[in-house]
Amino acid sequence: MATTYNLKRADFIFRNENDWEKILNRTLQRDKTELINELISSELKGRGGAGFPTGLKWKLASESKVQEKFIICNADEGEPGTFKDREILTKVPFKVLSSMAICAYIIGAKQGIIYLRGEYRFLKPDLEKTISEFEYYCNEINFDFKIKIFMGSGAYICGEETALFESMEGKRGEPRNKPPFPTNAGYMDKPTVINNVETLAHTFTIFKYGATKFYDLGVQFSRGTKLFSVSGDTPKPGIYELELGMSLQDFVDEFGDGDTKAVQVGGASGFLVPRKRFGETAIGFRGKLTGISLPTGGSMMLFNSSRSMFNVLDNYLEFFREESCGQCTPCRVGCQQLLIGIKAVKQGSKPASYLDKLLKLTETMQYTAKCGLGQSVANSFSSIVENFREEMIY
Amino acid sequence: MSKKINITINGVVYEVEPGLTILEAAQNAGINIPTLCYHKDLCVAGNCRVCVVEIAGQKRLAASCATPCQENMEVLTNTLKVRNSRKHIIELLLSEHNADCTKCYKNGNCELQELAAEYKIMSQDLIDLVPYKDYTIDMFSPSIIKDDSRCIRCQRCVRTCAELQGVNALTVAYKGDKMKISTFFENSMNDVVCTTCGQCVNHCPTGALIEKNYIEDAWEAISDPEKHVIVQTAPAVRVGLGEEMGFEPGESVTGKMVAALKNLGFDSVLDTDFTADLTIMEEGTELLTRLKKALVDKDINIKLPMATSCSPGWIKYIEHMYPEYLGNLSTCKSPQQMFGALAKTYYAKARKLDPDKIVSVSVMPCTAKKFEANRPEMHDSGYRDVDIVLTTRELAIMIKQAGIDFRKLPEKKFDRLMGDSSGAAVIFGATGGVMEAALRTAYEIVTGREVPFDNLDILPVRGLEGVREASIKIEKPLENWAFLDGVELKCAVAHGLVNAKKVMDAVKEKKADYHFIEIMACPGGCLGGGGQPIPTNPEIREKRTKAIYEEDKNLSIRKSHENPEVIKIYKDFLGEPLGKKSHELLHTKYVARNRY
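Counting from 1, residues in each chain are numbered in the order their sequence is written. Following the order in which they are written, the chains are lettered starting with A and the ligands numbered starting with 1. Reporting of local features is limited, given that this is a predicted model, to residues whose pLDDT is at least 70; pairs of side-chain atoms are given and counted only at 80 or more, and all residues count toward the totals for whole chains, interfaces and linings. With hydrogens and water set aside, each side-chain value is computed from the structure's full complement of heavy atoms.

Draft legend 1. Seen up close, the overall build of chain A. Segments assigned H or I by DSSP are reported as helices when at least four residues long, segments assigned E as strands when at least two residues long, and all are numbered from the N terminus. Secondary structure assignment for chain A yields 15 helices and 13 strands. The globule rule used for comparison is 2.2 Å times the number of residues to the exponent 0.38, while the radius of gyration itself is calculated over C-alpha atoms. In terms of overall dimensions, chain A is globule-like: its C-alpha atoms have a radius of gyration of 21 Å, near the 21 Å expected for 394 residues. In chain A, buried positions account for 63% of the 394 residues. What makes two residues a contact is simply this: any of their non-hydrogen atoms within 4.5 Å. Restricting the contact set of chain A to residue pairs at least 6 apart, pairs at least 24 apart contribute 71%. For the area figures, the Shrake-Rupley method with a 1.4 Å probe applies, and any residue is considered shielded solely by the protein chains shown. Carbon and sulfur atoms make up 48% of the accessible area of chain A, which amounts to about 15000 Å² in all. In chain A, 50 positive and 48 negative side-chain charges are present, and the distance between their average locations comes to 3 Å. Exposed residues in this analysis have more than 50% of their type's maximum accessible area, buried residues have under 20%, and partly exposed residues fall in between, with area computed by a 1.4 Å probe over protein chains only. Charge convention: Lys and Arg are scored as positive, Asp and Glu as negative, and His as well as the terminal groups of each chain are ignored. Charge placement uses NZ in Lys and CZ in Arg. For Asp and Glu, CG and CD serve respectively.

Draft legend 2. Focus on the sheet that holds strand β6 (residues 137-138) of chain B. Residues and elements named next belong to chain B. We call two strands paired when DSSP finds no fewer than two bridges between them. With antiparallel pairing, the three strands of this open sheet are ordered in space as β6-β7-β10. Sheet topology places β6 and β10 (209-211) at the edges, where each strand pairs with a single neighbour. Here β6 runs beside strand β7 (residues 144-147); their pairing, made up of two bridges, is antiparallel. When the bridges of β7 are listed, I137 appears paired with D147.

Draft legend 3. Inspection of the packing of helix α1 (residues 20-28) of chain A against helix α5 (residues 93-107) of chain A at higher detail. Residue and element names in this part refer to chain A. Angles run from 0 to 180 degrees between N-to-C directions of axes, and those axes are lines fitted to C-alpha atoms, restricted for helices to the stretch in contact. Put simply, α1 and α5 touch, their axes get as near as 10 Å, and they point 10° apart. What the angle tells us is that α1 and α5 run roughly parallel. Contact residues: α1 offers W20, L24, T27 and L28, while α5 offers F94, S98, A101, I102 and Y105. Across the contact of α1 with α5, the residue classes break down as seven nonpolar, two polar and no charged. For classification purposes, an angle smaller than 35 degrees is called roughly parallel, one larger than 145 roughly antiparallel, one from 65 to 115 roughly perpendicular, and anything else oblique. Each residue receives one of three labels: charged for Asp, Glu, Lys and Arg, nonpolar for Ala, Val, Leu, Ile, Met, Phe, Trp, Tyr, Cys and Pro, and polar for the others, Gly being one of them.

Draft legend 4. The state of the cysteines, seen in detail. Residues and elements named next belong to chain B. Pairs of cysteine sulfur atoms within 2.5 Å are what we label disulfides. According to the stated counting rule, one finds zero disulfides over all chains in the structure shown. With no disulfide of its own, C65 lies closest to C51 among cysteine sulfurs, the gap being 3.8 Å. With relative accessibility at 2%, the residue C65 sits in the buried group. Left unpaired, C154 is separated from the closest cysteine sulfur, that of C157, by 6.3 Å. The class of C154 is buried, set by a relative accessible area of 6%.

Draft legend 5. Inspection of the domain arrangement of chain B at higher detail. Residues and elements named next belong to chain B. Residue ranges for the domains trace back to a domain assignment, done automatically or taken from a database. With domains assigned, chain B is organised as domain 1 (5-78), domain 2 (101-210), domain 3 (215-274 + 336-408) and domain 4 (279-332 + 421-586). Summed over both partners, the accessible surface that disappears when two parts come together, traced with a 1.4 Å probe, is what is meant by buried area. In total, domain 2 and domain 3 occlude about 710 Å² of area from one another, counting both sides; carbon and sulfur atoms represent 51% of this. The working definition used for a salt bridge is a side-chain nitrogen of Lys or Arg within 4 Å of a carboxyl oxygen of Asp or Glu. Taken together, domain 2 and domain 3 are joined by zero salt bridges. N or O atoms closer than or at 3.5 Å make up a polar contact, with two conditions inside protein: a donor-capable atom paired with an acceptor-capable one, and, for residues adjacent in sequence, both atoms drawn from side chains. Counting the contacts that link domain 2 with domain 3 gives seven residue pairs in polar contact (both at pLDDT 80 or more).

Draft legend 6. Representation of the packing of aromatic side chains in the model. Residues and elements named next belong to chain A. Within 6.5 Å between ring centres, the rings of Phe, Tyr and Trp (the latter by its six-membered ring) count as paired, and their orientation is classed by plane angle as stacked under 30 degrees, edge-to-face over 60, tilted in between. Using the criterion set out here, one finds 22 aromatic pairs over all chains in the structure. On the numbers, 5.8 Å between centres and 75° between planes, the contact of F12 with Y209 is edge-to-face. With F12 in the segment before α1 and Y209 in helix α8 (residues 197-209), the pair connects residues that are 197 residues apart, well separated along the chain. Classification of Y209 by relative accessible area gives partly exposed; the value is 30%. A network of ring pairs unites the aromatic residues W20, F94, F134 and Y137 as a single cluster. Lysine and arginine charges are scored as sitting over a ring when NZ or CZ, respectively, is within 6 Å of the ring centre and within 35 degrees of the ring normal. Over the ring of Y120 we find R117, and its NZ or CZ is 5.3 Å from the ring centre.

Draft legend 7. Main features of the sheet that holds strand β3 (residues 146-151) of chain A. Residues and elements named next belong to chain A. One open sheet holds the four strands; their spatial order is β3-β2-β1-β4, and the pairing between them is parallel. The sheet terminates laterally at β3 and β4 (192-196), the two strands that pair on one side only. Averaged over all neighbouring strand pairs, the angle between strand axes comes to 20°, with direction disregarded. As judged from the six bridges shared by strand β1 (residues 70-75) and strand β2 (residues 111-116), these two strands associate in the parallel manner. Looking at β2, one finds that A75 is bridged to L116. This element, α5, spans β1, β2, β3 and β4 of the sheet and lies at about 150° to β1. Contacting β2 and β3, helix α6 (residues 124-140) runs over the sheet at an angle of about 165° to β3.

Draft legend 8. Representation of the interface of chain B and chain A within the structure. At the interface, 37 residues of chain B touch 35 residues of chain A. Summed over both partners, the interface of chain B with chain A buries about 3000 Å², with 56% contributed by carbon and sulfur atoms. Sorting the residues of chain B by area buried against chain A places L92(B), I127(B) and K175(B) first, and these three jointly supply 20% of that buried surface. One salt bridge in this structure joins R321(A) and D177(B), with 3.7 Å as the shortest N-O distance. At the boundary of chain B and chain A, one finds 20 residue pairs in polar contact (both at pLDDT 80 or more).

Draft legend 9. Looking closely at the pairing of strand β5 (residues 73-76) of chain B. All names here are of chain B. Alternating positions in β5 separate cleanly, M73 and V75 being buried on one face and E74 and L76 remaining unburied on the opposite face. Here three bridges tie strand β1 (residues 5-9) to β5, and the two strands are oriented parallel to one another. Across the sheet, residue I7 finds its bridge partner in β5, namely M73. Pairing analysis gives two bridges linking strand β3 (residues 52-55) to β5, with the strands arranged antiparallel. Bridge pairing in β5 places E54 opposite L76.

Draft legend 10. Expanded view of the environment of V461(B). Note on placement: V461(B) falls in the loop between α15 (433-447) and β16 (467-473). When neighbours within four sequence positions are excluded, V461(B) is seen to be in contact with T431(B), G432(B), M435(B), E436(B), R468(B), A470(B) and V493(B).

Draft legend 11. Structural view of the packing of helix α12 (residues 329-347) of chain A against helix α13 (residues 354-368) of chain A. Residues and elements named next belong to chain A. Taken N-terminus to C-terminus, the directions of α12 and α13 make an angle of 165°; their axes are 10 Å apart at the nearest point. The orientation of α12 relative to α13 falls into the category roughly antiparallel. In this structure, the crossing between α12 and α13 has a hand that is left-handed. Here P330, C331, G334, C335, Q337, L338, G341, I342 and V345 of α12 lie close against α13, whose contacting residues are Y354, L355, L358, L361, T362, M365 and T368. Across the contact of α12 with α13, the residue classes tally to 11 nonpolar, five polar and no charged. By definition, any crossing whose near helix is turned counterclockwise from its far helix by less than a right angle is left-handed, and any crossing with a clockwise turn is right-handed.

Below you can see the structure in the form of structure tokens.
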């Protein structure tokens, strides 16, 4: 039955004990299967938003017999309201690089690549310096591994892993058909592990402290901690490391301004939770608290009663209309229809019942869009329209 | 052989080859799944999403064209969810599409229109997005019109231009709602590397890419009593036209086509095959002359391999992509242009007509021929040599407009004077045909004997592989050609410009020492041309190919130099191949073009 989980702060990611060389060296001595099993038993799930089990991903890639493989760090942090990866790469880049090296060791890769968001160009010089230091150390311990940075060009869709590969291959950033999945055929059609920056930072924690320590944090199905990018109507915006599984009510109690009307969990592609649902909503991957459980890439946007939810949705849809890659019909045309549609309802040129037609449309987008972008537009749309219908109309 | 897998479609278990997609498995089982971005000639894109199906256990639908069959997969192709989604997707496409069908050239032959009819999209709930768009129509190319308002962004044209032609004139630009199919710097199709081959037109499911049609110009000329309107028909038209008239692919309709053209009111119905034979005389002689200069005179200015010059798409391609090899092109005009130049000189003289009053029309399987006729070089008769170029499709439209019952037409013969042809000319329509025709004649000129192949069928140059190589050893040549004794004449044949690139790169990197190469811009040669009936696919092209070789087999004269009209024109008018008159009328030069 339901247990109440309180908001618990943690400090793993940014705690810097300058011991990465020791941890890396120690881990690279260990048996590969043992490492994979440790990662699997930690139940770490991808922190980019999709929540795929990290251990399984590494295992699948390690099983491929193909000679050339890649480990890619996805630093194309583009979800509106997310700014944690930047901080990790600034403050504890060695953790990320070490985890990439460990992954390379396990799956048998010699090349790591950081796909850095175009807008993060200012991070590049420092990161390059860090990489050369890191490579120097790898060389010293006779570990053959190189890391390079690939600069994105500002398209949101390139955070989608297969669009990211296309972009790296010099093509248009358009998601591929799946299967094949990256662990079979990713970058240059070679087996590829692609992990979010934060995921890699967590694997460092796991290899440092052991899986149990990580597993003991959080709740069932949602183990460990997570970085949250807190923004919006809050007296204390910023980045916070919290244990997964907390209730949204606890979160709002801590970060709200006393007048929180709704929270957008997971950025523009996430869900909007209205005040009446705070208590029953848990932040985690699966498993019920008393109501729903929401996975997230870590973006938490708080809105107080001064905000028009129509404007919020309008803003998200404008974002999606522009950031859809444009190749598949449901996403390209769907986003345009949703945006023009809510405006038409607001202006009265379409009846309120048109919102229901649009909700049906988001269902089709969810079922038929080629990638996560088009599929998840339904999330914010339906949660905002269903909970704040009157704000859409009047 | 790898193990077959079991897949259930709509409750029935099928055993399928591994690697097959759900769409292919369904098609094999006779289950229709609608498609738009899918095309048999092209790689899978999976972007229109109209082919979605339900897979048991999955909440999301799968694009059947892009999803491989898996063991024990349960597929449902006709559930409420599937139908609603497909309908929704068609509605979405229509909302972004200028669906003013009655004013569209492709009205009646549009895949989106067909789907809208099939799914009975009776009302439009969604908001019409067209007024919000800044759509443009590019009419600057003499061959192709690109109307963005009719585009559904399936990217079939982009894949065609890249995969079949290796040209990449069309590509995707921008993203999101602004995503569109565009060109380098959004220039007009006329100002980029577009070869005007028209394969994009052939592969476009809607009216976004169409040929520039000259139907009204043709009607106007025919109706003008002052004008003497002659028409020439290319070899590939006769094996394609039937498809537009309700015949199965692969049925040759030469006699009916001639009858129809006479019915339409053309004053004289003639055959491009005649000048195809003439091309062989000129080009074959040119090849032998080049070989002589290169091998005997050791003239270093002679360029080998010599490349054919019949395909205007290929000509524009080499002008853009390999301008340093223009000297390798045969200087012969294409059969269409030879015909045009002779129509207003030789034909006019023989018929005692004022060339100014002659309107020279051609029916071609090709959109690039429109561009070719428009070239400034093509005025050697003192007039524009070919006035109006129609595609096979345009001719079909005219026949339908004229109310002709094509099926019931009696078969008729081409008019005389430039209406006779050999089998060698007919096979110009298929990839390898020019090569075969040239070898039949050149070998005989050199040795005095027929080519050493059964029934004159030079099988090694036939077929639909992208690049084919062949060689013929010359033995016991006639005295004049003694220098060729023992020489192995090396040839290559390529069709589809992506294959032309392979051959040209091999030549460039000196990996191949060909003497003679035949290149046709379109897959399958002219029979798969950009002006041929839509749809096109490998099976259809194979059937047309068969029909072409069948025509050749049934003709009594199968060698160009035996065409009596060809013999006559050299005697009465031209003198000899590569002679002065030939140079004036039948040969041309090329211009180097930029890549951008």
